[in-house]
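Here is what each chain is made of, one letter per residue.
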Amino acid sequence: MIFFIIRRLITTVFLLLLVSMITFAIFFLIPRLAGQTAYQLAAQYVGRNPIPSEIRAVEAKLGLNDPLYLQYGRYIKGIVAGIHYNSGTDVSYCPFPCFGYSFRNQQPVWPQLISNAPVTLSLAIGASVLWLIGGVSVGVLSALRRGSIFDRFSMGIALAGVSLPVFFTGLIALELFSYKWPIFPNVHYVPITSNPLLWARNLVLPWITLAFLYAALYARLTRAGMLETMGEDYIRTARAKGLAERKVVVKHGLRAALTPIVTIFGLDLGLLLGGAILTETTFSLPGLGQFTILAIQNQDLPEIMGVVMLASFFIVIANLVVDILYAFVDPRVRL
Amino acid sequence: MPGSMLEVRDLRIHFQTDDGTVRAVDGVSFSLERGRTLGIVGESGSGKSVTSMGIMGLHHGTKAEITGEILLDGENLVEATPARVRELRGSKMAMIFQDPLSSLHPYYTIGAQIIEAYRIHNDVSKQAARQHAIDLLGRVGIPQPATRIDDYPHQFSGGMRQRAMIAMALSCDPELLIADEPTTALDVTVQAQILDLINDLQSEFGSAVIIITHDLGVVAELADDILVMYAGRVAEYGSAADIFGRPDHPYTWGLLASMPRLDRERTGRLVPIPGTPPSLIRVPSGCPFHPRCRYTHLTGGRCDTEVPPLRETVTPGHAAACHLTVEERTRQWTALQEGQVPEHAHEPVSPGQATQGPVSQGRVEA
């Protein structure tokens, strides 16, 4: 077990390095392949109407003329330890973890990135609790009453939930519950630290919208899993013991059906932490998704790289957690 | 037989499916005393498992239609509320299943599963239940039960898993133990050990046992009485001595002829019963066995029109459902004993009637 975790941690580090290489290669090579010179790249850091001497200074300071491996090495060093930029006259320190400077405002990328993270975190965690509880319970009930009106109705809704995009359901929700019947008026992000009640109230609509999409998927998954496990021999054994049906369902049926759900949940959550672009945009939540959209619109390469690195970090970690969790959930898994 | 511990009268278990009514059990009666063992024998799809699950009340919540009477110490389980049957299940009657690996929950330890079974019906502390489980595991022959109790089913061997299943079934001292093909999924060497164990425990606990099997060798070893089932009905019912010594139904003859015997000289090939068990939706008219029977020409055409009633033969308590006269049956059995293969023995049977219906047998058995 310990060895497995250590082994997985080492591979995780290598995986992240690989991701960084690919990301770096894409975002630093492609402009050059497209014919952009280091000078033109440096010009992006300087703003409108730049003076050539300023551009030269930035070019020298960031070492944009250095060979690729040097620049990559500097990038990694910045991420793991922080880095000093020194061009003789102009000395600046980019603290750990340094993802370079934004084109837009010449500020380090990381603090901006991290200031948007709580929004996404609030959205993702809240929604995931909702969809896990909602999806799993609807799935269980559907499986137990297979073919009933409830089953058909909820699976119909689930199909709609999987098919309808967030920007549709989200706008409907806003129209109905924010404008027509203003139960949740004036949806905007309030940090949990400044007003927890307002934080929750303003996030209800985004949570429900995002959770609806996933709950639909989880309801279908749970239903399929429950139908399978409730037909297993060990369910018959549990009934033959004289166990109450509710306990048979929850302790024996759901316990087994939940294993694959846990796996998918971990991966979904990891993916979502990198930014829920559609939901954040629909509800104007200043999270990582919005950050990504802005970075892409501004063609701000360092910012895009930063967000890509952060998102892949979440996914890789989620994978690691799921793998380890699996050993606890299923005793047959030997690590 | 008043006072019997288990008395089943005219039990019928039918399932409505899209393809028609599955008559999985169609008028089965038998009785069982404490301390006795009943073997229910038949091919797959003959209704043996459905019968036993019916006794245990495990058809609740399914679309099974159950009629007739199942009297457990005089209490009719067919009429009883599901809650009452659940109370009896696991405490007064317990069941062990065919495949111990799939019948044990893979995510819980052996101990947790036995403790759960014990604590459903007994208000005891976890500590006491655990001690009880360790004792039980020791009694069914698990070495080092105090440590093995925390193992998961996949860490046990096949025979040990079945022992653990038996320990679980015995946790509440049931008066009736139903073993549904308890040795089918096990190695031949382990089979004998498990059968010995069931036998020993029966004499120790004094419970009544029903052993369900398609293997006549198993019932030969354990059963006092034998019920031979075919297509959801009783073909023959009697003491083990009668069934093996003087079988009185062509189907039983077929079962015996298809079984290798060590106590006889090898006279030649084993004779299989031709064809396959019938569909339980379209049970053949008349005697359900007639499409596969070798002797239909001896009854003057009654076999495919009239259902033969279960009638007592020459021995009291021994009954068979066959149109052949008692004398004719004696003559045919004697001939078989002398190694004569019946006429048309290796001809194919009429197709269609004997083939399986659209509903798979698995769905009915499950």
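K.L.:
Mind laying out the overall build of chain A, listing which residues take part and the relevant values?
P.N.:
When helices and strands are counted, chain A shows 13 helices and two strands. Along the three orthogonal principal directions, the C-alpha set of chain A runs to about 85 × 55 × 40 Å. Sorting the 335 residues of chain A into buried and exposed places 34% on the buried side. If you take every contact in chain A between residues at least 6 apart in sequence, the share linking residues at least 24 apart comes to 66%.

K.L.:
Could you give an account of the overall build of chain B, naming the residues involved and the relevant values?
P.N.:
A count of helical and extended segments in chain B gives 13 helices and twelve strands. Counting every position in chain B, which comprises 366 residues, the buried fraction comes to 45%. The long-range fraction of contacts in chain B, counting pairs at least 24 apart against all pairs at least 6 apart in sequence, stands at 66%.

K.L.:
Tell me about the pairing of strand E2 (residues 20-32) of chain B, and please be specific about residues and values.
P.N.:
Residue and element names in this part refer to chain B. Of the pairings in the sheet, the one linking strand E1 (residues 6-17) to E2 comprises ten bridges and is antiparallel in character. Bridge assignment links Val8 to a residue of E2, and that residue is Phe30. Taking the residues that link successive antiparallel strands as the turn, the E1-E2 hairpin has two residues.

K.L.:
Which residues make up the interface of chain A and chain B, and what values go with them?
P.N.:
On the side of chain B, 23 residues touch chain A, which itself brings 16 residues to the contact. Within the residue set of the side of chain A that touches chain B, elements represented by two or more residues are helix H9 (233-240) and helix H10 (245-273) of chain A. Here the element with the most residues in the side of chain A that touches chain B is H9(A); it accounts for six residues. Tallied by class, residues from the side of chain A that touches chain B come to five nonpolar, three polar and eight charged.

K.L.:
Break down the domain arrangement of chain A for me, citing the residues and quoting the values.
P.N.:
When the parts come together, some accessible area is lost, and that loss is often what is quoted as the size of the interface. Residues and elements named next belong to chain A. You can read the domains of chain A as domain 1 (2-94) and domain 2 (109-329). Placing the centre of domain 1 and that of domain 2 at their C-alpha centroids yields a distance of 35 Å. Its residues assigned to classes, the side of domain 1 that touches domain 2 comprises five nonpolar, three polar and one charged.

K.L.:
Tell me about the sheet that holds E1(B), and name the residues and values.
P.N.:
Taken in spatial order, the four strands make up an open sheet running E2-E1-E4-E5 (chain B), and their pairing is antiparallel. Both outer strands of the open sheet, E2 and strand E5 (75-76) of chain B, are each paired with one neighbouring strand and no more.

K.L.:
Before we move on, can you summarise the domain arrangement of chain B with the specific residues and values?
P.N.:
All names here are of chain B. Entries for chain B in the domain assignment read domain 1 (35-49 + 178-366) and domain 2 (93-173). Listed per partner, the contact involves 16 residues of domain 1 and 16 residues of domain 2. Where the side of domain 1 that touches domain 2 is concerned, the elements lending two or more residues are strand E7 (176-180) and helix H8 (188-205). Looking at the side of domain 1 that touches domain 2, the element that brings in the most residues is H8, giving seven residues. Each residue belonging to the side of domain 1 that touches domain 2 can be placed in one class, and the counts come to eleven nonpolar, two polar and three charged.

K.L.:
Describe the packing of helix H8 (residues 196-229) of chain A against H10(A), with residues and values.
P.N.:
All names here are of chain A. With their axes 8 Å apart at the nearest point, H8 and H10 run at an angle of 150 degrees to one another. As the angle between them shows, H8 and H10 are arranged roughly antiparallel. Pair H8 / H10 crosses with right-handed handedness. Residues Tyr214, Tyr218, Leu221, Thr222, Gly225, Met226 and Thr229 of H8 lie in contact with H10, whose contacting residues are Gly253, Leu254, Ala256, Ala257, Pro260, Ile261, Ile264 and Asp268. Looking at the contact of H8 with H10 residue by residue, the classes come out as ten nonpolar, four polar and one charged.

K.L.:
Report on the environment of Gly78(A), specifying residues and quantitative values.
P.N.:
All names here are of chain A. If you trace the backbone, Gly78 turns up in helix H4 (residues 68-81). Residue Gly78 is classed as buried on the basis of its 22 C-beta neighbours within 10 Å. The sequence separation of Gly78 and Leu210 amounts to 132 residues, and the corresponding C-alpha distance is 35 Å.

K.L.:
Break down the sheet that holds strand E10 (residues 233-239) of chain B for me, citing the residues and quoting the values.
P.N.:
Residues and elements named next belong to chain B. The mixed open sheet is built from eight strands, whose spatial order is E6-E7-E8-E3-E9-E10-E12-E11. Of all strands in the sheet, those bounded by a partner on one side alone are strand E6 (93-96) and strand E11 (311-312). Here E7 pairs with strand E8 (residues 208-213) via five bridges, running parallel. When the bridges of E8 are listed, Leu177 appears paired with Val209. Sitting on the sheet, helix H7 (residues 158-170) is in contact with E6 and E7, with an inclination near 170 degrees to E6.

K.L.:
Before we move on, could you go through helix H1 (residues 2-33) of chain A and cite the residues and values that matter?
P.N.:
Residues spaced three or four apart along an α-helix face the same direction, because each turn holds 3.6 residues. For H1(A), which comprises 32 residues, the first-to-last C-alpha distance of 45 Å matches the rise-based estimate of 46 Å (1.5 Å per residue) to within 8%. Among the 32 residues that make up H1(A), zero are buried, leaving the element largely open to the surroundings.

K.L.:
For unusual backbone geometry, give the residues involved together with the corresponding values.
P.N.:
Positive phi, normally seen in glycine, also occurs at Ser284(A), with a value near 50 degrees. Its place among the elements puts Ser284(A) in the loop between helix H11 (277-282) and helix H12 (288-297). Phi angles above zero are rare outside glycine, and Asp10(B) is one such case at about 45 degrees.

K.L.:
Lay out the environment of Arg332(A) with the relevant residues and their values.
P.N.:
Within the secondary structure, Arg332(A) sits in the segment after helix H13 (301-329). Residue classification places Arg332(A) among the exposed positions, given that 12 C-beta atoms sit within 10 Å. Residues within four places of Arg332(A) in sequence aside, it is in contact with Pro106(B), Tyr152(B) and His154(B).

K.L.:
Break down H9(A) for me, with residues and values.
P.N.:
In terms of residue burial, H9(A) counts as a mostly covered element, since six of its eight residues are buried. Where H9(A) is concerned, the buried positions are Tyr234(A), Arg236(A), Thr237(A), Ala238(A), Arg239(A) and Ala240(A). Packed against the buried residues of H9(A) are H10 of chain A together with helix H1 (48-56), E6 and helix H3 (100-103) of chain B. Among the residues trailing H9(A), Gly242(A) stands out with phi positive, at a value near 95 degrees.

K.L.:
Describe the pairing of E1(B), and please don't skip the residues or the numbers.
P.N.:
Two elements, E1(B) and strand E4 (residues 64-72) of chain B, share eight bridges in a ladder whose sense is antiparallel. The residue bridging Leu6(B) from the neighbouring strand is Leu72(B), located in E4(B).

What counts as what
- Residues numbered from 1 in each chain as written.
- Chains lettered and ligands numbered in written order.
- Predicted model: local features only at pLDDT ≥ 70, side-chain atom pairs only at ≥ 80, totals over all residues.
- Helix = DSSP H or I, 4+ residues; strand = E, 2+ residues; numbered from the N terminus.
- Buried ≥ 20, exposed ≤ 12 C-beta atoms within 10 Å, placed from the backbone.
- Contact = placed C-beta atoms within 7 Å.
- Pairing = 2+ DSSP bridges.
- Nonpolar A, V, L, I, M, F, W, Y, C, P; charged D, E, K, R; others polar.
- Domains from an automatic or database assignment.
- Axes fitted to C-alpha atoms, helices over the stretch in contact; angles between N-to-C directions.
- Parallel < 35°, antiparallel > 145°, perpendicular 65-115°, else oblique.
- Left-handed = near helix turned anticlockwise from the far one by under 90°.
- Expected span 1.5 Å × (residues − 1).

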